[in-house]
Amino acid sequence: MASDDVLSNATFGDHFGKIKILCANSVKTVKVSVIISTYTKDRRDDVLRCLNSLFNQTKKPDEIILVLDPVSDLIEFYSGVVPHEVKIVAPSGFGLSNARNTGIDVAEGDVIAFIDDDAWADERWLENLLKNFGDENVWVSGGRIVPVFEEGRPRWLAEELDWIVGCTYKGMPEMKAEVRNPIGANMAFRREVFEVAGKFRTEVGRYGKKLLGSEETELCLRLKKLKPDAKIVYDPSAVVYHRVPESRANLGYALRRAYYEGYSKAILGKEYELGTEKGYLKYLLSMAIPEKIKKMQILQVLAVLMIIAAVGLGNFAVKLRGNGIEGH
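Scoring rules and cut-offs
- Residues numbered from 1 in each chain as written.
- Predicted model: local features only at pLDDT ≥ 70, side-chain atom pairs only at ≥ 80, totals over all residues.
- Heavy atoms only, no water.
- Phe/Tyr/Trp six-rings, centres within 6.5 Å; stacked < 30°, edge-to-face > 60°.
- Helix = DSSP H or I, 4+ residues; strand = E, 2+ residues; numbered from the N terminus.
- Buried < 20%, exposed > 50% of the residue type's maximum accessible area, 1.4 Å probe, protein only.
- Polar contact = N/O pair within 3.5 Å; in protein donor to acceptor, adjacent residues only side chain to side chain.
- Contact = heavy atoms within 4.5 Å.
- pLDDT = per-residue confidence, 0-100.
- Salt bridge = Lys/Arg side-chain N within 4 Å of Asp/Glu carboxyl O.

**Here's the deal with the packing of aromatic side chains**
All chains considered together, the criterion is met by eleven aromatic pairs. Aromatic pair Tyr-259 and Tyr-263: ring centres 6.2 Å apart, planes at 45°, arrangement tilted. Of this pair, Tyr-259 and Tyr-263 are both found in helix α8 (residues 251-269), four residues apart, which corresponds to roughly one turn of the helix. We classify Tyr-263 as buried; its relative accessible area is 5%. Consider the rings of Tyr-260 and Tyr-263, whose centres lie 6.4 Å apart with planes at 55°: the pair is tilted.

And the structure:
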């Protein structure tokens with residue numbers, strides 16, 4: 001996909017506009033920033049598709065920030081690809097949490113939204129995500145992430161395991177509801193979140209192809225500790241689509257991802273109570289697996305059991321090493 005396929009620089013500026021959030025007694029105009037980060041030239045087409053979806057929102061972002069790893073060749077490459085109105089920045093270090101934090105530092109928005117570089121937004125994504133902030137008690141909002149498999153969904157991959165590929169999974173609420181945390185590919189925060197609770201912890205974030213995660217989980221848990229009345233809302237009407245390449249739609253990747261999920265959550269478990277994970281495991285064992293056995297979906301049953309074991313192994317590895325959140 002060439003840069004001309006996205007939007008020309010000449011017309012791009014016309015696609016920005018301030019977002020109005022309906023409050024109890026008035027309409028408040030706020031600025032909205034959207035942050036994307038990438039670490040490789042290989043996702044050029046993904047980045048351009050993501051940008052194109054942002055340019056065509058029914059509610060336009062005030063700014064779009066592309067955060068790149070601090071590699072001069074990478075910065076030069078994307079500077080020549082994306083429209084000049086996209087603000088390109090680079091952190092001093094590497095990793096997804098560093099990238100997101102750098103984006104937050106330069107963002108001017110009252111609301112700061114995040115979308116993955118290999119995802120693209122439904123045209124009403126930002127509009128629907130922002131409606132939730134009409135409630136002054138909502139501090140964080142996240143939406144639905146739909147997997148788009150390049151080679152079709154593998155037979156063994158149960159919908160309950162779609163978190164492995166960074167997507168909304170079966171077992172999550174089907175209607176708008178309060179949740180512990182959103183999924184990182186589709187989330188938005190009031191700026192005050194970062195002023196009250198700080199930014200993303202780099203100890204638990206993705207680092208290149210190292211599959212650590214849970215940085216958004218940790219931030220939301222920290223926010224709730226400091227501000228218990230803050231609402232974190234999941235709204236499935238705010239939709240993004242997430243490309244799933246063949247390299248991620250295999251059991252080997254899934255087991256690695258599950259291991260690091262267990263590893264990351266064990267780090268968090270030293271500081272926080274992880275009731276959501278316990279509830280999810282109970283759901284798998286008491287409802288999902290019995291239902292699949294009845295339907296003779298044996299491959300999915302085996303995959304779910306293997307994923308549970310891999311998560312447990314990652315969890316045990318942290319306990320064996322005695323690592324806490326400050327270092328691993």
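**Some words on the side chain of Ser-141**
Topologically, Ser-141 is positioned in strand β8 (residues 138-149). Engagement of the side chain of Ser-141 in a polar contact is seen with the side chain of Asn-132, the distance being 3.1 Å. Apart from residues lying up to four places away in sequence, Ser-141 is in contact with Leu-129, Asn-132, Phe-133, Asn-186, Met-187, Ala-188 and Val-233.

**Regarding the confidence of the model for the protein**
Per-residue pLDDT for the protein averages 88, and the proportion of residues at 70 or more is 87%. For residues 1-27, every residue scores under 50 in pLDDT, and the model assigns this stretch 65 contacts once sequence neighbours within four places are set aside. The low-confidence segment residues 324-328 (pLDDT under 50) makes 19 contacts with residues lying over four places distant or belonging to another chain.

**What to know about the side chain of Arg-100**
Mapped onto the elements, Arg-100 comes out in helix α4 (residues 96-106). Apart from the residues lying within four places of it in its own chain, the contact partners of Arg-100 are Ile-35, Phe-114, Asp-116, Gly-184, Met-187, Phe-200, Glu-215 and Glu-216.

**Overview of the pattern of salt bridges**
As enumerated under the stated definition, the model contains 27 salt bridges in all. Residue Lys-265 pairs with Glu-277 through a salt bridge whose shortest N-O separation is 2.7 Å. Note that Lys-265 is positioned in helix α8 and Glu-277 in helix α9 (residues 275-294), a separation of twelve residues in sequence. Relative accessible area serves as the criterion here: at 22%, Glu-277 is assigned to the partly exposed category. When the shortest N-O distance is used, the salt bridge between Glu-291 and Lys-295 registers 3.1 Å. Residue classification places Glu-291 among the partly exposed positions, given a relative accessible area of 31%. Given a relative accessible area of 51%, Lys-295 falls into the exposed group. When salt bridges that share partners are traced, they join Arg-180, Arg-257, Glu-261, Lys-265 and Glu-277 into one network.

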